[in-house]
Amino acid sequence: MTSPAISCQVSKKHVLLSEILAVTSVMRKNSRWASGAHTLTARDSALARDLGLRRSTPNTNIQKNGRLSQEADLMGGFQQLKRTIWDVDDIDALPLPALIGPFFALIRSPLSNGPITSAALSALHSFFVCNLISATSLSLELALVELSSTVSHCKFEASDSSGDEVVLLKIMTVIHDCIVTSSVGPFLGDVEICEMLETVLTTACQMRLSEILRRSAESTMVSIVRTIFGRLHTLNPTAEEARLLNEEEPQHGEISMSVSANVTDTGDSLQVSEGLTSSTQHHAASLEDPERSTASEVEGSSHALSPPRPYGLPALLELLRVLVNILDPNDQVHTDSTRLTALGILNAAVETSGTVMSDYPSLSALILDPGCKYLFQLARSDNSLVLQAALRTITTVFQTMRKHLKLQQELFLAFSIDRLAAPPQSKPISSKKNNPTSPRPSTPATGTPILGPVDTELELDKGSPVPSRPPVQPARGDTRDLMLETLSQLCRHPSSMVDLYVNYDCDINCENLFERLIEFLTKGVYPWQYSSASDAQYLHSQYLCLDLLLAFVDDMTARAEGRSEPWPSDFILPDSLIQDKSRKKLVLTGAARFNSKPKIGVAFLEENKLIYSDLSPEVSRTRSLAIFLKSCTRLDKRLLGDYISKPDNLELLKEFIGLFDFKDKPIADAMREMLETFRLPGESQQIARITETFASIYFASGPAEIKTEDAVYVLAYSVIMLNTDQHNPQIRKRMSIEDYQRNLRGVNDGTNFSPEFLQSVYDSIRKREIVMPEEHTGQLGFEYAWKELLTRSRQSGPFLMCNSALFDLDMFKTIWKPLISAIAYAFISFDDDYVIQRAISGFRQCATLAGHFHLPDVFDFVVVSLSQATSLLSENLPTQVPNYPVVEVEGQSVTVSSLSVKFGTNFKGQLAAVVLFNIVNGNGNALREGWTQIFEMFQNLFLHSLLPTRMLQMEDFLGGVTMIPLRGGQHSRPAPRSDGGLLSTLSSYLMTPYGASSENLVPEATDTEVESTMCTIDCITSCRLDELYAQTIQLDSEALVAAIRALEALAHERTITKWKQESDELTTAFNTSSAGDGTFTLPYDPASVFLLETMVSITCQTSRYIEDLWPILFEHLSALLSASTHYSVLLIERAVVALLRLCLILAQKKTLRDQVYVSLDLIAGLPPIVANSVAEQIVAGVTLILQNRDIVSSQTEWNLVFAALRSTTSHPEAARSTFDLVLSFVTDGQPQWMTPDNFNGLITILDEFANSAGQSIMVPQKGRRVPSQPPPNAPPIERGRRSIDIIYDMKRFIAPFAESAGLQTGQVWRQYCLPLALSLGKQSTNPSRLVRHTAISQLQRLLLGPRFVYDENDHGQVEEIFNSIIFPLVDELLKPQVQQFDPQGISETRLRASALLCKAFMHFEVREDRTKSDIRILWIEILDLLDRLINAGKTEQLYEAVSESLKNVVLVMNAANILVPPSQEDQRDEHQRTLWTTTQARLERFLPGFLTEVIPTPQLQLPPPTPVPGSTSAVPATAPSTV
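Rules and cut-offs
- Residues numbered from 1 in each chain as written.
- Predicted model: local features only at pLDDT ≥ 70, side-chain atom pairs only at ≥ 80, totals over all residues.
- Heavy atoms only, no water.
- Helix = DSSP H or I, 4+ residues; strand = E, 2+ residues; numbered from the N terminus.
- Buried < 20%, exposed > 50% of the residue type's maximum accessible area, 1.4 Å probe, protein only.
- Contact = heavy atoms within 4.5 Å.
- Areas by Shrake-Rupley, 256 points an atom, 1.4 Å probe, with all protein chains shown as cover.
- Core = buried A, V, L, I, M, F, W, Y, C linked by side-chain atoms within 4.5 Å.
- Axes fitted to C-alpha atoms, helices over the stretch in contact; angles between N-to-C directions.
- Parallel < 35°, antiparallel > 145°, perpendicular 65-115°, else oblique.
- Nonpolar A, V, L, I, M, F, W, Y, C, P; charged D, E, K, R; others polar.
- Phe/Tyr/Trp six-rings, centres within 6.5 Å; stacked < 30°, edge-to-face > 60°.
- Lys NZ or Arg CZ within 6 Å of the ring centre and 35° of its normal.
- pLDDT = per-residue confidence, 0-100.
- Expected span 1.5 Å × (residues − 1).
- Patch = residues over 30% accessible without salt bridge, like charges linked within 9 Å, V, L, I, M, F, W, Y side chains within 5 Å.
- Salt bridge = Lys/Arg side-chain N within 4 Å of Asp/Glu carboxyl O.
- Lys, Arg positive; Asp, Glu negative; His and termini not counted.
- Charge placed at Lys NZ, Arg CZ, Asp CG, Glu CD.
- Disulfide = S-S within 2.5 Å.
- Pairing = 2+ DSSP bridges.

Caption draft 1: Molecular detail of the overall build of the protein chain. From N to C terminus, the protein chain includes 62 helices and 7 strands. Here the protein chain, with 1523 residues, has 54% of them falling under the buried criterion. Put simply, 77% of the contacts in the protein chain that link residues at least 6 apart link residues at least 24 apart. Summed over its atoms, the accessible surface of the protein chain is roughly 65,700 Å², and 51% of this surface lies on carbon and sulfur atoms.

In structure tokens, the structure reads:
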């Protein structure tokens, strides 16, 4: 097409003359005009007028040759035109019809041929180009009328087809020039526009024309349509609509168009207008008569027509009507090619003015219906070209007119999703043929129209309340790609998903389109097993689904960042929409339950106040239920009909039908309205109840001509029967009107209905079937659904569009899980870099949204999804870590492990790891369950020596920070240590994580493995694990608790759970219970230590949350320590250290101090072998705890402290620290540490030190007669001796304690003195000679000293001293097993014990104030012990010592008048007599004559003594008895 942008540089007169010459030259080449005989006749009106002559009409009958006259007229017109313009300087002064009239006449003349017509059309094109035809031309409007008529009715003699098509092509050019490129287009009238558009459109649709011509005509049509529809932006909609209504008679002809795809070629002429129907053809009527003059016709017509009004809405409406009608798929007149052309043109029109079409009700009504209706039907076309064009047009319509197409868009989107979704799984054959169940349940019966039949079978697996969507042929191959691209295009703008959610998911009468779309897209990312497409198409489909999902996430993220729009004030309030969504969910659930079991459904509806909440005097319970049942479109209509027609629900049936307004409605329409809300039951009694109720209510509305209610009943039945008769395909002979009238004779209260009345009923049913719900199938069903859609659309309101963030939370909460799963699948499965990059971005944005919306579950799911993609998770991590090779790379020791090699070659796994940890870094507070995966990866990396050094360390009370060893020795529990600390012990059986063992074979690492390992190390470095580890101490309480719980769960799985499993397996394997008796021990597991250390380290650095974390850790630690023999020594040692480190924190919290003692009690309960292995850690921890002097405040607490310390006294190193700690309690500089509460506890712990000294004595072995006594300066012996001294020294605290507490003497004795004496008495038998002698000495000092407090008047206390302390001491020394520890020193000990025994007896019993006391039993026991001592040792030294001590006692007793010998005047009392006799008899057993020698008795005249049976000869008192 020639553009008018460049103006013509020659004069218009020159152009006109040149074109006249060009046309006439072509004419003369034709035989008709070859001779020069053609002369002008005197018919020129101007000449006749100038000469004063009357011009007569020539008689055609007398003309020699009529055709020759016409030929002459055509040529003469050009000659006359030349003469006219010769003398005119400015041809713009001449009327435009006069200038171009000869060209019009030639184009319309059937005498012309192709070349001549082509030349004339080229001339017109030149006139447009050179502005000869312009907006300033005189009589432009009349010329345009003629131009329209001329190009629309061009006739010429046919020649070769190519030449003829050139003519048609030039016609298109001239029309394009007139409407589009020149300035005269706006001056065209509606009729002229319609004529020219009809010409172009018909040319584009004529299939007999060449492809290039049709495509050219189509291109011209599109260009013209864009131009003319562009005028809608400048027109006044109100004025144009008024013009459309008020213009009853057009100025010159009716505005109408029609299109035929056929070309009529009659004889030798080709007529462009053939097949066109336009009332403007009367302008070409004269061309049909060859006798009429073309020139005169032009002139006459020019004067006859008045200037037309510039075109506007009428012409555009007519064109749109024609285009829409062409789209009707049920119209067999038009082919797919014609529809394809119409679709392209319609798309251009909507693209140009779709945004303003809604301002013109006439246009928008045509688009809404039937435009959308036909377009949606074409969207099912099997013709891919038609489908593509239809989809493009639909997309354009929705993009420009979405606001007014709410329900139309719902229908199209639902249909598209159904076609794109995977087909259902095959089911067993049912009674319904060819009616499979769709996989997607959701078909509102009268809510959303559907393109196809409705399956009434309900699908309630998901609680769907909606009958299953009808089966739709799934789209495959290119069709699937087209529909998916269209769907993507429709939903790609930023607010699309928000709009779907607001307009549909929050509308109770609409489908949950947002949820359905997301569900489809997420499933579309996964493989589709039914796909028969190529791999490329299949991947493309997956990419499109993923791209749309990621676009949705991107848009939501943008809104979360503030790039959203405010909610318009004239829209429905957001809170109201959210409430509607909640109510919709309840309604759907209630409908689903009703469809499953009505009784349960009604109960649910009542429970949730969906019914019976509007009760009033006007609204009863049954009416409230009826209102819901009628208004809810999600109910199964078959079930509804059955429910309301039951006998028990008669009142409900009346209320239900009473909701209809039957006033002034014919009975057929009333029945149709009622039966479209439920399906008529099949049982006759139920039908009768419905019909009777209808008859009663309908008759109450006062219908015309019906006299009784019974007449209504019969008539209603007849309508049902007539509907079946007229529309059941199995009935061949239909009921006629006469039959119908005959059947109803006399039922109207004995009279007949009028023929007109019955005829109207009959015609109504015959022409329009009453289609009951869920019987809507095929085209009839679609028409019904479309009608319902139009009805609903008048009530649904506009489509709300706003890129608001108010609903993002609800939307995201609904779809986050399948969304993230789809992204994760895409990330793992797809290899395209762009897709992977988009998936990574999607993960990050989902994490951002999770933090923004405070949804930790979402963040967890992102972490879980990514962690699975990293390949760093391992289900079964080894307990024993192999010896991996260690190589030096750039001065760095690198462990080449199996994981480092495998992970280094997994690029996608590395990407996932970097993305995962970059997401988690800084977002730890959003994480909950995901911590499990994080720490599980840490654990795996630790076992393969890939963690940063900071994370491999464990803190210690003794050696500071050390590395967690990766491998252990063969024995999990070494023998008790004799010297050294933790580190020295570890070095003997554990290796450091990065130290290579020369004893084990280490495989060689290849260069490839080293390179892969370096890639892994670089990736781990990029993950910034140490930063994440450091950030854990900054976590909020909830996130921190989740992290610790995750660590504890992993640790529990590797310890407690694992031990139970393996012990059970062992028990089962050997069919014995030995595994569960404590003999089975798990080998050393470095991962369990790592998890424990990580858990405790984090907790210690977040002491502010110790209240929340302590229960978690204590549960794990107590489980370990309660079964400490089942685990490795290092794990238990770390558990003890952990417990004590936590106790240091607990000690700072007053509310948790009781937990310190719970922990110490747990430690005190450790088995001795375990306690010994961790003794150093225990004493170090307890010492630190006790630095807070306020921590211990009761005797029970002190007892727990000492109980924990007691296990350390036998450990060589720990005992020293413990003793120093105990010593500090009794140091004069710190008296506050010595309290009544810890008095007895100190005695107990000091007792343990003394016992430890005794335990250091070696029992004699074979070949050694005497056991070795360590030197006095040996640490255990020295501590034992000092412990005895401290115990004795503690007596100095008794008086202050007693005084401060105001204790009685007996209380002081019981609480303080007795424990001291008991302890010293116990240690007086210690295997250590030094400790033993020290104890006896200190015991003697204590008992005989002045500060020993007891109640002298309480003889029981004295007896307790002997019975509980002294007697057991002596008795113990007499035992052989005591003697064997120190055979050489035991005699001295016995000697000291005998002295103590006697001195104590004299101190406590042989006193003047106790002469009246009965000491016989005690004295006899003393004598027995002395007897045993003498006979046990049988040494001279012991004999003399015992004799001397006994002598002193006897003398003192005699002096105290207790032991009184007999005299001549025996004045002794019975007590004295018995004591003397008993003493004498007992002494005679082991010291004959001893008593007589010490206490001489006067010589009495007594009979000779009778020898005592069994007595031996007296032994001299001065000599010991010998064996």
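Read on for the rest.
Caption draft 2: Focus on the nonpolar core. Grouped together as the largest cluster of nonpolar side chains are 396 residues, with contacts concentrated most on Ile-934, Met-1290 and Phe-1362. Take this core: its biggest share by element is 12 residues, from helix H45 (residues 1129–1146). What Met-1290 contacts, discounting residues up to four positions off in sequence, is Val-1226, Met-1234, Phe-1239, Leu-1242, Ile-1243, Leu-1246 and Leu-1316.

Caption draft 3: Spatial organisation of the packing of helix H51 (residues 1236–1255) against helix H54 (residues 1305–1323). Closest axis-to-axis distance for the H51/H54 pair is 10 Å, and the angle between their directions is 0°. With respect to their mutual orientation, H51 and H54 come out roughly parallel. Between H51, through Pro-1236, Phe-1239, Asn-1240, Ile-1243, Asp-1247, Ala-1250 and Asn-1251, and H54, the contact on the second element is made entirely by Gln-1311, Tyr-1312, Pro-1315, Leu-1316, Ser-1319, Lys-1322 and Gln-1323. Across the contact of H51 with H54, the residue classes break down as 7 nonpolar, 5 polar and 2 charged.

Caption draft 4: Quick look at the packing of aromatic side chains. Per the counting criterion, the structure on display carries 44 aromatic pairs. For the ring pair Phe-753 and Phe-757, a centre distance of 5.3 Å and an interplane angle of 25° mean the geometry is stacked. Phe-757 carries the same exposure label as Phe-753, and that label is buried. For the pair Phe-1362 and Phe-1401, a centre-to-centre distance of 6.4 Å together with 70° between the ring planes defines the contact as edge-to-face. On the criterion of sequence distance, the pair formed by Phe-1362 in helix H56 (residues 1355–1373) and Phe-1401 in helix H58 (residues 1386–1404) is long-range, its members being 39 residues apart. In this structure, Phe-1362 and Phe-1401 share a single accessibility class: buried. Three or more aromatic residues joined by ring pairs make a cluster, and in this case those are Tyr-501, Phe-514, Phe-552, Trp-567, Phe-571 and Phe-807. When the ring centre of Tyr-311 is taken as reference, the NZ or CZ atom of Arg-231 above it lies at 4.5 Å. Taking the ring centre of Phe-660 as reference, the NZ or CZ of Lys-630 above it sits at 4.7 Å.

Caption draft 5: Summary view of the confidence of the model for the protein chain. With 81% of its residues at a pLDDT of 70 or more, the protein chain shows a mean pLDDT of 79. pLDDT under 50 marks residues 273–305. Its contacts with residues more than four places away, or in other chains, come to 64 contacts.

Caption draft 6: Focus on helix H41 (residues 1037–1054). Helix length check: H41 (18 residues) gives 26 Å between terminal C-alpha atoms against 26 Å at 1.5 Å per residue, within 8%. Those residues of H41 not exposed but buried are Ala-1039, Leu-1040, Val-1041, Ala-1042, Ala-1043, Ile-1044, Ala-1046, Leu-1047, Glu-1048, Leu-1050, Ala-1051 and Arg-1054.

Caption draft 7: Focus on unusual backbone geometry. Here Asp-369 and Pro-370 are connected by a cis peptide whose omega angle stands at 15°. Along the chain, Pro-370 falls in helix H14 (residues 361–378). Positive phi is not limited to glycine here, since Lys-609 has a value of about 60°. Summarising the element assignment, Lys-609 is placed in the loop between helix H22 (598–607) and helix H23 (621–631).

Caption draft 8: Broad picture of a negative patch on the surface. A surface patch of like charges, here negative, comprises Glu-692, Glu-709, Asp-710 and Asp-749. If you trace the backbone, Asp-749 turns up in the loop between helix H29 (737–743) and helix H30 (755–767). Asp-749 sits in the exposed class, given a relative accessible area of 52%.

Caption draft 9: Structural detail: the pattern of salt bridges. Under the definition given, this model contains 45 salt bridges. The partner of Glu-218 in a salt bridge is Arg-215, and the shortest N-O contact between them spans 2.7 Å. Of this pair, Glu-218 and Arg-215 are both found in helix H9 (residues 211–230), 3 residues apart, which corresponds to roughly one turn of the helix. Among the residues examined, Glu-218 registers a relative accessible area of 16% and is labelled buried. Arg-1134 is the salt-bridge partner of Glu-1093, the closest N and O atoms lying 2.7 Å from each other. Here Glu-1093, found in helix H43 (residues 1086–1101), pairs with Arg-1134, found in helix H45; they are 41 residues apart in sequence, far enough to count as distant. When sorted by exposure, Glu-1093 lands in the same class as Arg-1134, which is buried. A network of salt bridges, in which partner residues are shared, links Glu-211, Arg-214, Arg-215 and Glu-218.

Caption draft 10: Region of the structure containing the environment of Leu-1418. Its place among the elements puts Leu-1418 in helix H59 (residues 1416–1433). Separated by 55 residues in sequence, Leu-1418 and Asn-1363 place their C-alpha atoms 8.9 Å apart. Aside from chain neighbours lying at most four places away, what touches Leu-1418 is Phe-1362, Phe-1367, Phe-1401 and Glu-1405.

Caption draft 11: Just the environment of Trp-786, in detail. Note on placement: Trp-786 falls in helix H31 (residues 778–796). Judged by relative accessible area, which is 2%, Trp-786 ranks as buried. Along the backbone, Trp-786 and Lys-373 are 413 residues apart, and their C-alpha atoms lie at a distance of 7.5 Å.

Caption draft 12: Highlighting the side chain of Ser-865. Along the chain, the position of Ser-865 falls in helix H34 (residues 856–870). By relative accessible area, which is 6% here, Ser-865 ends up buried. Beyond its immediate sequence surroundings of up to four residues, Ser-865 is in contact with Ile-820, Ala-824 and Phe-843.

Caption draft 13: Inspection of the state of the cysteines at higher detail. Counted according to the given criterion, the structure contains 0 disulfides. Take Cys-1023: it sits in no disulfide, and the sulfur closest to it among the cysteines is that of Cys-1019, at 4.2 Å. On the accessibility criterion, Cys-1023 (0% relative accessible area) is buried.

Caption draft 14: Spotlight on the pairing of strand S4 (residues 886–889). Bridge count between S4 and strand S5 (residues 892–895): 4 bridges; the pairing is antiparallel. Across the sheet, Val-889 pairs through a bridge with Gln-892, a residue of S5. In textbook terms, the turn of a hairpin is the stretch between consecutive antiparallel strands, and for S4 and S5 this stretch comprises 2 residues, one of which, Glu-890, has a positive phi near 55°.

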